[in-house]
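Structural characterization, general
What follows is each chain in one-letter form.
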2 protein chains.
Amino acid sequence: MQSFTEENYLKIIYHLAEKTGNVQTNAIAEQMQTKPASVTDMIKKLAEKGFVDYIKYQGVTLTEKGKNAAIEIVRKHRLWEVFLVDKLNFKWDEVHDVAEELEHIKSTALIERLDEFLGFPKSDPHGDPIPDKNGRFAITQFIKLIDLKVGDQGTITGVSQHSSAFLKHLEKLGLTLGKQIEISDVTDFDGSVEILIAGKQINISREVAKHILTSSNGKN
Amino acid sequence: MQSFTEENYLKIIYHLAEKTGNVQTNAIAEQMQTKPASVTDMIKKLAEKGFVDYIKYQGVTLTEKGKNAAIEIVRKHRLWEVFLVDKLNFKWDEVHDVAEELEHIKSTALIERLDEFLGFPKSDPHGDPIPDKNGRFAITQFIKLIDLKVGDQGTITGVSQHSSAFLKHLEKLGLTLGKQIEISDVTDFDGSVEILIAGKQINISREVAKHILTSSNGKN
DNA sequence: AATTATTTTTAGATTTACCTAAAAATATAA
DNA sequence: TTATATTTTTAGGTAAATCTAAAAATAATT
Ligand SMILES: [Mn+2]
Ligand SMILES: [Mn+2]
Ligand SMILES: [Mn+2]
Ligand SMILES: [Mn+2]
């Protein structure tokens, strides 16, 4: 059984590994909001326990055991987020911090019954996939909105930024999950994107467009 | 803000104070499953923070601040137990340990929305009262089943023992919350009690009868 | 290849919540 | 009212997770 702290390390290593493979000490420190020296200490402990493979100065990779543990935490986190939004009427920008705590509750019975209670959801309020109890993810395809071409149509299926500020901004613009959009123009000057949504034309910055994920239906 | 550990101490002091007023170091140690020396350490810290009044060798009492904090934790514990039973179909003997963890999740929004989601329940799956968000309890009256006289009728409204073994035993006997009972005999030999429930006669030990709480309708 | 910069690790402390063993205070019994 | 037993506190230490400062390894630049 892992401690609260070990679980947080595993989850962060897992997320970092999704992008970079080998995970560096400094990257972990930044995510954990702690010092590199503390990370080195914890890494040694996780290696000791068989959660990570570690070569001095070369960073870490999760072992199978470590990966399973991390996925279990991700599963809990996302299921709790669904609970908060679907059952307790939280907004999608309000759930992350509470889920950060709930994800550490130790009870397999609890999480399986919660899963059932929620109707075995496949994705969380931000469009992130929820692994099943065996740790398997449904294969998800997406295209960043920024990569769509003028004339392309698509549905908003997720976001790659979970800050409350960003999510509230999207909410205000009506850019929520499941919405149909079409790219009507891309501004040369600043790279901002003009999109057609619910019959209205709106303009979003390049920065915003980068963090919206869509399933494109291709050209119309 | 209190730590996980501090919260557990406060809750235990609160429950012990319900019976004895001044709470002794050894009693706390027993409940916390720790050593008296550790309790002394923590007591000093809680006194420092203004949660308890402490006189050396004389035990502690909760301050207003400490009592409020404790009641908040009791509220969370009991609301989560209702959630587990009513929504996730846990049995009443399965919920305590998980609630012990859930009670420490820090979010007033969460607990208020949970309360609403559950329909503002007044009592938990064991019949224990749930304080409202201002910390007020509905006044509850009960008579121990053991104190009823032959011929008395009553409704089972609670239990004063929460062990899984005891609760499972009651379940098997059909002695669950809300059930109507009548005392038909008390055995001289061992003090066991014969009760009429759902048209059937059953015999329960004195030990069991001590821990069943009822609202008596008096003599029939 | 040598210098400089960055990353990572070690060494040594700190804090929190524990512990054991011994001393001190209080309560109970003779 | 001594003597004995119980309760509580102090003293000193351990383990987990942190920290700062300095040393060592690796990477990037001249
Ligand atoms: Mn989240
Ligand atoms: Mn999410
Ligand atoms: Mn309970
Ligand atoms: Mn209960």
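The preceding data block contains the structure.
Here is a short report on the structure shown in this document.

The next thing to look at is the protein's contact with DNA strand D. What surrounds DNA strand D is a group of 20 residues, the closest being A:Thr34, A:Lys45, B:Lys44, B:Tyr54 and B:Lys56. Atoms of DNA strand D within 4 Å of the protein belong to the sugar or the phosphate in 78% of instances, the rest to bases. A distance of 3.0 Å separates a phosphate oxygen of DNA strand D from a polar atom in the side chain of B:Thr25. Within the side chain of B:Lys56, one N or O atom sits 2.5 Å away from a phosphate oxygen of DNA strand D. Partitioning the surface near DNA strand D into residue classes produces seven nonpolar, eight polar and five charged.

Next up on the list: the coordination of the manganese ion (ligand 4). Residue and element names in this part refer to chain B. Here the manganese ion (ligand 4) is held by Glu81 (OE), Asp124 (OD) and His126 (ND1), and the distances to it run 2.1 to 2.3 Å. Counting along the primary sequence, the residues that act as donors to the manganese ion (ligand 4) give the motif E-x42-D-x1-H. The distance between the manganese ion (ligand 4) and the manganese ion (ligand 3) comes to 3.5 Å, and Glu81 binds to both of them. Accessibility assignment for this pair places Asp124 and His126 in one class, buried.

With 20 residues of chain B in contact, the opposing surface of chain A contributes 20 residues. For the pairing of chain B and chain A, the buried interface totals around 1,600 Å² over both sides, and the portion due to carbon and sulfur atoms is 73%. On the chain B side of the interface with chain A, the three residues burying the most area are B:Leu88, B:Glu101 and B:Arg113, jointly 32% of the side's total. Counting every contact that joins chain B to chain A gives zero salt bridges. Counting the contacts that link chain B with chain A gives four residue pairs in polar contact (both at pLDDT 80 or more). When residues of the side of chain B that touches chain A are traced back to their parent elements, those giving at least two are helix H4 (64–86), helix H5 (96–102) and helix H6 (108–117) of chain B. Counting residues per element, the side of chain B that touches chain A draws most heavily on H6(B), at five residues. For the side of chain B that touches chain A, the per-class residue count stands at twelve nonpolar, three polar and five charged.

Attention shifts here to the coordination of the manganese ion (ligand 3). Residues and elements named next belong to chain B. Distances from the manganese ion (ligand 3) to its protein donors, His77 (NE2), Glu81 (OE) and His96 (ND1), fall at 2.0 to 2.2 Å. On the primary sequence, the residues serving as donors to the manganese ion (ligand 3) are separated as H-x3-E-x14-H. Glu81 gets classed as buried once you look at its relative accessible area, which sits at 1%. Look at His96 and you get partly exposed, because its relative accessible area is 31%.

So, about the pattern of salt bridges. Residues and elements named next belong to chain A. Tallying each qualifying case throughout the model produces 18 salt bridges over all chains. Residues Lys106 and Glu7 are paired through a salt bridge, measuring 3.1 Å at the closest nitrogen-oxygen approach. Linking Lys106 in the loop between helix H5 (96–102) and helix H6 (108–117) with Glu7 in helix H1 (residues 4–20), this pair joins segments that are 99 residues apart in sequence. Classification of Lys106 by relative accessible area gives partly exposed; the value is 28%. Look at Glu7 and you get buried, because its relative accessible area is 3%. Across the pair Glu103 and Lys11 runs a salt bridge, and its minimum N-O distance is 2.8 Å.

Residue and element names in this part refer to chain A. Contact geometry of H1 with helix H4 (residues 64–87) gives a least axis separation of 9 Å together with a crossing angle of 95 degrees. Comparing their axes, H4 and H1 come out roughly perpendicular. Contacts between H1 and H4 pair Glu7, Leu10, Lys11, Tyr14 and His15 from the former with Gly66, Lys67, Ala69, Ala70, Ile71, Ile73, Val74, His77 and Arg78 from the latter. Counted by class, the contact of H1 with H4 contains seven nonpolar, three polar and four charged residues.

This paragraph deals with the protein's contact with DNA strand C. Around DNA strand C, a shell composed of 21 residues is seen, among which A:Lys44, A:Tyr54, B:Thr34, B:Ser38 and B:Lys45 lie nearest. Close to the protein, within 4 Å, the atoms of DNA strand C belong to sugar or phosphate groups at a rate of 79%. Taking B:Ser3, its side chain carries an N or O atom lying 2.9 Å from a phosphate oxygen of DNA strand C. Separating a base nitrogen of DNA strand C from a side-chain N or O atom of B:Asp41 is a distance of 3.1 Å.

Let's shift gears to the relation of the copies chain B and chain A. In summary, the two copies of the chain are related to each other by a rotation about an axis coupled with a shift along it. By a simple turn and slide, chain B fits onto chain A: the slide is 0.0 Å along the axis, the RMSD is 0.1 Å, and the turn is 180 degrees. The two molecules are tied by a two-fold rotation axis, judged by turn and shift. Closest approach to the rotation axis within chain B is made by the C-alpha atom of B:Leu102, at a distance of 3.8 Å. When the interface residues of chain B are mapped onto chain A, 100% of them are again interface residues, pointing to one common binding face.

What follows covers the side chain of B:Ser107. With respect to the helices and strands, B:Ser107 occurs in the loop between H5 and H6. Reaching out from B:Ser107, the side chain makes a polar contact with the backbone nitrogen of B:Leu110 at a distance of 3.0 Å.

What counts and what doesn't
- Residues numbered from 1 in each chain as written.
- Chains lettered and ligands numbered in written order.
- Predicted model: local features only at pLDDT ≥ 70, side-chain atom pairs only at ≥ 80, totals over all residues.
- Heavy atoms only, no water.
- Near = heavy atom within 4 Å.
- Polar contact = N/O pair within 3.5 Å; in protein donor to acceptor, adjacent residues only side chain to side chain.
- Nonpolar A, V, L, I, M, F, W, Y, C, P; charged D, E, K, R; others polar.
- Donors = N, O, S within 2.8 Å, 3.2 Å for Na, K, Ca; no water.
- Buried < 20%, exposed > 50% of the residue type's maximum accessible area, 1.4 Å probe, protein only.
- Contact = heavy atoms within 4.5 Å.
- Buried area = accessible area lost by both parts, 1.4 Å probe.
- Salt bridge = Lys/Arg side-chain N within 4 Å of Asp/Glu carboxyl O.
- Helix = DSSP H or I, 4+ residues; strand = E, 2+ residues; numbered from the N terminus.
- Axes fitted to C-alpha atoms, helices over the stretch in contact; angles between N-to-C directions.
- Parallel < 35°, antiparallel > 145°, perpendicular 65-115°, else oblique.
- Least-squares fit on C-alpha atoms with pLDDT ≥ 70 in both.

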